[in-house]
Each structure stands twice: as C-alpha cells, then as structure tokens.
Amino acid sequence: MLASSACEIAAKKGDAMGGCFVFVMGAVFAVGLAAALAGLFGLGCVIAAIALGIVFVRLRKKRAAEGKSFEWILVVAIVLLAVGVPLFGFAFWLFFVPA
C-alpha cells in the first residue's frame, strides 16, 4: 500500500473542500506577511539610522568640545543601515516591482 498525502486522503473521503488550495494559500499568505513585516522592520531601521545620523551631526561639535567621543552612535547608525537597507529593498522589490 502506497503512502498518500493528507490532501489525497481527504479528497477520497469526499470532504476535501477545495483540496490543498486552502493549505497552499495559507502558506503563501504567511510568507507574504513575513516579507511585509521584514520590510517594515527594515524601514524602521533606516529611519532610526537617519535619526541617529542627524543627532550625531548636531551634537558632534559640542561633544568634541567636552572631550567626549561619539563613535558608538556612528557605529550603531552604520549597523542599522547595513541591516535595514537590504530588508527594505527586498520587500519593496517583492511588493512593488511587477513580475
């Protein structure tokens, strides 16, 4: 006796209600939702990096006069850009560039 998939077994019983289409569309919806959330996270990272860059530029002279370093904000901004730009770019391409 050969093993059958769950969809084939349900179809043989007569209660398939659309076969595997409902399952596959649920998976497609989940992947689309994950891509959208990743894109929003990437957009948030880019906005945060821009805000940190503005703070860095505005407070740089004041902190230098006080003898304090401010490199950690620059490093955080670069890391946020390195993470956010690819995520946002991929999500933008996925949703807005026609196939």
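A count of helical and extended segments in the chain gives three helices and zero strands. Secondary structure of the chain in N-to-C order comes out as α-α-α. Going through the 99 residues of the chain one by one, you find that 12% of them count as buried. Long-range pairs, those at least 24 residues apart, make up 70% of the contacts in the chain between residues at least 6 apart in sequence.

Spanning 26 residues, helix α3 (residues 71-96) covers 36 Å between terminal C-alpha atoms, matching the ideal 38 Å at 1.5 Å per step. Three or more residues of α3 are buried, namely I73, A77, G84 and A91. Packed against the buried residues of α3 are α2 (21-66).

Bringing the packing of α2 against α3 into the picture now. Two packed helices can be described by the angle between their axes and the distance between those axes. The contact between α2 and α3 brings their axes to 7 Å, and the two run at 145°. Classified by chirality, the crossing of α3 by α2 is left-handed. Of the residues in the contact of α2 with α3, the class split is 24 nonpolar, four polar and no charged.

Calculation rules
- Residues numbered from 1 in each chain as written.
- Predicted model: local features only at pLDDT ≥ 70, side-chain atom pairs only at ≥ 80, totals over all residues.
- Heavy atoms only, no water.
- Helix = DSSP H or I, 4+ residues; strand = E, 2+ residues; numbered from the N terminus.
- Buried < 20%, exposed > 50% of the residue type's maximum accessible area, 1.4 Å probe, protein only.
- Contact = heavy atoms within 4.5 Å.
- Expected span 1.5 Å × (residues − 1).
- Axes fitted to C-alpha atoms, helices over the stretch in contact; angles between N-to-C directions.
- Left-handed = near helix turned anticlockwise from the far one by under 90°.
- Nonpolar A, V, L, I, M, F, W, Y, C, P; charged D, E, K, R; others polar.

Purely geometric stuff here, so don't read any function into it on its own.
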